[in-house]
Every structure is written in C-alpha cells, then in structure tokens.
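An overview of the molecular structure
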Amino acid sequence: MKMTNQEYDKLVGKASPSSPKAKDFIWAFAVGGLICTLGQLLHDLYGMAGMNEEQVKAAVPVTLIFLAALATGLQLFDKLAKHAGAGTLVPITGFANAIVSPAIEFKADERDIIGLSQKSL
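All chains use their own residue numbering, which begins from 1 and follows the written sequence. Selection of residues for local features in this predicted model requires a pLDDT of at least 70, selection of side-chain atom pairs for listing and counting requires 80 or more, and totals for whole chains, interfaces and linings are taken over all residues. The basis for every side-chain value is the complete set of heavy atoms in the structure, and neither hydrogens nor water enter the calculation.

Before going further, it helps to spend a moment on the environment of Tyr 46. Strands here mean DSSP runs of E at least two residues long; helices mean DSSP runs of H or I at least four residues long; both are numbered from the N terminus. By the secondary structure assignment, Tyr 46 is in helix H2 (residues 21-48). Remark: the alpha-carbon pair of Tyr 46 and Ala 59, spanning 13 residues in sequence, is separated by 7.8 Å. Any pair of residues with heavy atoms lying within 4.5 Å of one another is described as a contacting pair. Among residues more than four places away in sequence, those in contact with Tyr 46 are Met 51, Val 56, Ala 59, Val 60 and Thr 63. At 2.6 Å, the side chain of Tyr 46 forms a polar contact with the side chain of Thr 63. Nitrogen and oxygen atoms within 3.5 Å of one another constitute a polar contact, given that in protein one can donate a hydrogen and the other can accept it, and given that sequence-neighbouring residues count only through two side-chain atoms.

Phi is mostly negative for residues that are not glycine, and the peptide bonds are mostly trans. Unusually for a residue other than glycine, Gln 75 sits at a positive phi of about 60 degrees. Checked against the element boundaries, Gln 75 lands in the loop between helix H3 (53-73) and helix H4 (77-84).

The end-to-end C-alpha separation of H3 is 30 Å, in line with the 30 Å expected for 21 residues at 1.5 Å each. The rule is simple: take the accessible area with a 1.4 Å probe, protein chains only, and divide by the maximum for that residue type; under 20% is buried, over 50% is exposed, in between is partly exposed. By the burial criterion, the buried members of H3 are Val 56, Ala 59, Val 60, Thr 63, Leu 64, Ala 68, Ala 71 and Thr 72. Among the residues of H3, the N-terminal cap falls to Asn 52, whose side-chain oxygen and the backbone nitrogen of Glu 54 are separated by 3.1 Å. Expected helix span is given by 1.5 Å per residue-to-residue step, counting one fewer step than there are residues.

Turning our eyes to something else, we now look at the side chain of Thr 63. Looking at where Thr 63 falls in the secondary structure, it is placed in helix H3. When its relative accessible area of 17% is taken as the criterion, Thr 63 is described as buried. Apart from the residues lying within four places of it in its own chain, the contact partners of Thr 63 are Leu 42 and Tyr 46.

So yeah, pure geometry; function would need other evidence.
Structure follows, in structure tokens:
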C-alpha cells in the first residue's frame, strides 16, 4: 500500500496522543528555574561560608552535579524529567544524568549477565 507524505502525517496525527503544550512549557520553565535558583542559593551560601569567588565557582557546579547524579542513582531524576521535560536539561544537571544513567544501566546489565552465567553453572 503506497501512501503519500500527507496521508502518513494525517495517520500519525490521529494515532499520536496530543500533548498539553502549555502545561509542558510551564513545568519546564518552573523546574529549570528552580534548578537555576538552587545554583544561585548555593552560590550565596558558599559565599557566606567564607569561600572566595574562585572556590564558589568550583563548588556550585560540583554540588549540582553531585545532586543530579544522586537523584539519578535514586531513580528520582527520571521521574522529575517525566513531568518537567526539557526543564531538567539545564546543562549541568542534564550532563550529570547523561553520565550516570548509562553507568547504572551497564551495572544492571552486568548483574543480569553474571546472574545468568551463575545459573548455568
């Protein structure tokens, strides 16, 4: 059965669930803003703790990366990303998630492989 691009687009449009774009934009904006606000709060707290500007500039991204990696490991980051979408892609937290997720998947796959090989012994 041959189908034109327009017919295919129409078929896909019928089959695809509609997305509440306004709600998605608000969630992305709110979560992205909260992540950036957390970064600013950390900046201010580290400054008040007596760190100089150079130390603060190093401590804030390290803390955000740690928190995002921890949230990924606890499977919280994916739940947040499900609702917030692009709001979680604030570069530093998205980077941490992109690094930790494959490592967790690899470890899970490794356990599955080891479990299978032990069962066959």
